[in-house]
Amino acid sequence: MIDLIQEIYGTIMRNKLRTALTGFSVAWGIFMLIVLLGAGNGLIHAFEGQSAGMMMNSMKIYPGYTSKPYQGFKEGRSISLDENDRMTTERAFPENVITTAATVSKSDAYLSYGKEAVSIGIDGVYPNYPELEAVKVKKGRFINERDMQERRKVIILHEKTAKILFPQTEPLGKYLNSQGVIYRVVGIYADQNSITPAALVPFTTLQLVYNKGDSIDNLVFSTKNLNTEAANEIFERDYRKTIGANKHFAADDDGAIWIWNRFTQYLQQQSASDVLHIAIWVIGIFTLLSGIVGVSNIMLITVRERTHEFGIRKALGAKPMSILWLIISESVAITTFFGYIGMVAGIAVTEYMNQIAGKQTMDAGLFSVTVFENPTVDMGIAIQATLTLIIAGTLAGLFPARKAVRIRPIEALRAD
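Everything numeric in this text was worked out from a predicted model, so none of it was measured. (Residues numbered from 1 in each chain as written. Predicted model: local features only at pLDDT ≥ 70, side-chain atom pairs only at ≥ 80, totals over all residues. Heavy atoms only, no water.)

### A look at the environment of Val 35
Alright, step 1. Here Val 35 is to be found in helix 2 (residues 16–50).
Alright, step 2. Val 35 gets classed as buried once you look at its relative accessible area, which sits at 15%.
Alright, step 3. Between the C-alpha atoms of Val 35 and Gly 346, which are 311 residues apart in sequence, the distance is 5.5 Å.
Alright, step 4. Not counting residues within four places of it along the chain, the set of residues in contact with Val 35 comprises Gly 346, Val 349, Thr 350 and Met 353. (Helix = DSSP H or I, 4+ residues; strand = E, 2+ residues; numbered from the N terminus. Buried < 20%, exposed > 50% of the residue type's maximum accessible area, 1.4 Å probe, protein only. Contact = heavy atoms within 4.5 Å.)

### Points about the packing of aromatic side chains
Alright, step 1. On inspection of all chains with the given rule, the structure shows twelve aromatic pairs.
Alright, step 2. Judged by centre distance (4.5 Å) and plane angle (50°), the ring pair of Tyr 113 and Phe 166 falls under tilted. With Tyr 113 in strand 3 (residues 97–113) and Phe 166 in the loop between helix 6 (159–165) and strand 7 (175–178), the pair connects residues that are 53 residues apart, well separated along the chain.
Alright, step 3. Three or more aromatic residues joined by ring pairs make a cluster, and in this case those are Phe 93, Phe 221, Phe 235 and Tyr 239. (Phe/Tyr/Trp six-rings, centres within 6.5 Å; stacked < 30°, edge-to-face > 60°.)

### Regarding the nonpolar core
Alright, step 1. Ranked by size, the top nonpolar core spans 54 residues in total, and within it Leu 111, Ile 122, Ile 155, Leu 157, Tyr 239 and Ile 257 carry the most contacts.
Alright, step 2. Setting aside anything within four residues of it in sequence, one finds Ile 155 in contact with Leu 111, Leu 176, Tyr 183, Arg 184, Val 185, Val 186, Gly 187, Ala 199, Leu 200 and Val 201. (Core = buried A, V, L, I, M, F, W, Y, C linked by side-chain atoms within 4.5 Å.)

### Quick word on helix 3 (residues 83–92)
Because an α-helix packs 3.6 residues into every turn, residues spaced three or four apart end up facing the same way.
Alright, step 1. For helix 3, the complete set of buried residues consists of Asp 85, Arg 86, Thr 88 and Thr 89. Along the axis of helix 3, the buried positions cluster into a sector of 160°, meaning they face one direction only.
Alright, step 2. Considering only its buried residues, helix 3 is in contact with strand 2 (81–82), strand 3, strand 11 (218–223) and helix 8 (229–247).
Alright, step 3. Backbone nitrogen of Asn 84 and a side-chain oxygen of the N-cap are separated by 3.0 Å at the start of helix 3; the cap is Asp 82. (Arc of directions from axis to C-beta. Polar contact = N/O pair within 3.5 Å; in protein donor to acceptor, adjacent residues only side chain to side chain.)

### Digging into helix 8
Alright, step 1. With 19 residues, helix 8 extends 26 Å between its outermost C-alpha atoms, agreeing within 8% with the 27 Å of an ideal straight helix rising 1.5 Å per residue.
Alright, step 2. Within the sequence span of helix 8, burial applies to Asn 232, Phe 235, Glu 236, Tyr 239, Arg 240, Ile 243, Gly 244 and Lys 247. When helix 8 is viewed along its axis, its buried side chains cluster within an angular range of 165° and face the same direction. Facing away from the buried side of helix 8, by more than 90 degrees, are the exposed residues Lys 241 and Ala 245.
Alright, step 3. Within two residues after helix 8, His 248 carries a phi angle of roughly 60°, on the positive side. (Expected span 1.5 Å × (residues − 1).)

### Digging into the pairing of strand 1 (residues 58–63)
Across a regular strand the side chains alternate sides, sitting on one face of the sheet and then on the other.
Alright, step 1. In terms of strand pairing, strand 1 meets strand 11 through four bridges, oriented antiparallel. Note on strand 11: the bridge partner recorded for Ile 61 is Leu 219. (Pairing = 2+ DSSP bridges.)

### Digging into the confidence of the model for the protein
Alright, step 1. The share of residues in the protein with pLDDT of 70 or more is 87%, and the mean pLDDT across the chain is 83.
Alright, step 2. Across residues 364–368 the pLDDT falls below 50, and counting only partners more than four positions away or on other chains, this stretch makes 17 contacts in the model. (pLDDT = per-residue confidence, 0-100.)

### Section: the packing of helix 3 against helix 8
Alright, step 1. Between helix 3 and helix 8, the least distance of the axes is 11 Å, while the angle of their chain directions is 140°. Overall, the two elements helix 3 and helix 8 adopt an arrangement that is oblique. As for how helix 3 packs across helix 8, the hand of that crossing is right-handed. The residues of helix 8 that touch helix 3, namely those facing Asn 84, Asp 85, Thr 88, Thr 89 and Ala 92, are Tyr 239, Thr 242, Ile 243, Asn 246 and Lys 247.
Alright, step 2. Partitioning the contact of helix 3 with helix 8 into residue classes produces three nonpolar, five polar and two charged. (Axes fitted to C-alpha atoms, helices over the stretch in contact; angles between N-to-C directions. Parallel < 35°, antiparallel > 145°, perpendicular 65-115°, else oblique. Left-handed = near helix turned anticlockwise from the far one by under 90°. Nonpolar A, V, L, I, M, F, W, Y, C, P; charged D, E, K, R; others polar.)

### Concerning the side chain of Thr 223
Alright, step 1. Within the secondary structure, Thr 223 is located in strand 11.
Alright, step 2. What makes Thr 223 buried here is its relative accessible area of 5%.
Alright, step 3. Discounting chain neighbours no more than four positions away, the residues touching Thr 223 are Asn 57, Ser 58, Met 59, Asn 96 and Ile 98.

### Points about the packing of helix 8 against helix 9 (residues 262–305)
Alright, step 1. Look at helix 8 against helix 9: their axes get within 10 Å of each other, and the N-to-C directions meet at 145°. For the element pair helix 8 and helix 9, the recorded crossing hand is left-handed. On helix 9, the residues that touch Glu 229, Asn 232 and Glu 236 of helix 8 are Phe 263, Thr 264 and Leu 267.
Alright, step 2. Of the residues that constitute the contact of helix 8 with helix 9, the class distribution is two nonpolar, two polar and two charged.

### Remarks on a nonpolar patch on the surface
Alright, step 1. Together, Ile 278, Trp 281, Val 282, Ile 285, Phe 286, Leu 289 and Ile 381 make up an exposed nonpolar region whose accessible area comes to about 620 Å².
Alright, step 2. Following the sequence through the fold, Ile 381 ends up in helix 12 (residues 379–405).
Alright, step 3. Using a relative accessible area of 31% as the deciding quantity, one classes Ile 381 as partly exposed. (Patch = residues over 30% accessible without salt bridge, like charges linked within 9 Å, V, L, I, M, F, W, Y side chains within 5 Å. Areas by Shrake-Rupley, 256 points an atom, 1.4 Å probe, with all protein chains shown as cover. Salt bridge = Lys/Arg side-chain N within 4 Å of Asp/Glu carboxyl O.)

Structure follows, in structure tokens:
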């Protein structure tokens, strides 16, 4: 073994530049693969983070406009939702609907405390809102059933809104003025991605204070027994038909109400993640192949340059397997050494990316969205990629090695 190592070392040292250039292509291939995987993971983790804490077996219904005539009604008619639609959802689908809730909004509210003020939307929500949406109470409490029954003027602020209104004061227990309506702050909440972080009040309170009647802006419900995309499509079709009977629009009118099915969206995200992973692996493998081809070429050149030497070895009784093993070992040594360097460099870069952009968000005061998160690669994946490279390096050396084995001693001794 020591003789083999010395021989491989001697061969590499005699061709330093050629070996270095070939090794660089190998290291670059594994480096790019790991960096691409890390970047892809950063995007995928950000997608997953956006829905973390959200009940994925749920649907959200928004009103729209009819896109076709129906029973004497013209197209383009505005559809509105009300409390009757929420009750219909509960009664008509007991096998598929677990719980329902609704939201009604006041979009142009103005909250003030002392000299601080903010223009913000206020949403009237049900107590089960945190179970259906990706929100978490950070301080205080959330809306409860008694708040709903008594139509209490209590309010839950987003943590960013609280920092604006109460920069140096504890917000819990304080009273806010909203254009003459006084709310008591009872809780602070946070969510994963605050595109429009509204203040939250009891659903019945907002209906009463702002004369909303029984209208709702959207309704949401959790589902059960809908475990496939086909089952969800059937449910959506039946749901449109049921609501359409109440609102007088066609069952196949997709514009009348918009259904945000979080389960099917999750399946689509998973498919997109799989496509992204496949694309990264394809690009990375082709990059690796360029390095492997380089290793195979350098071994072919080595065999040609050492034809005379191999002839002497065979004339002295060297077995074909020993020559085969020599060439393959040299190929594996190059791919292993430089592949390891590429792997370490790739992991270092992904860790650096994680340090400087591990939780990259688009933040504009009241609005923030996570776009890049934890761009690292699992160590097992990195090792598997490197082992794959080593196996490929072995195969790359196999063809030149077989060519060396076939050399006839007489012809080899005559070679220049």
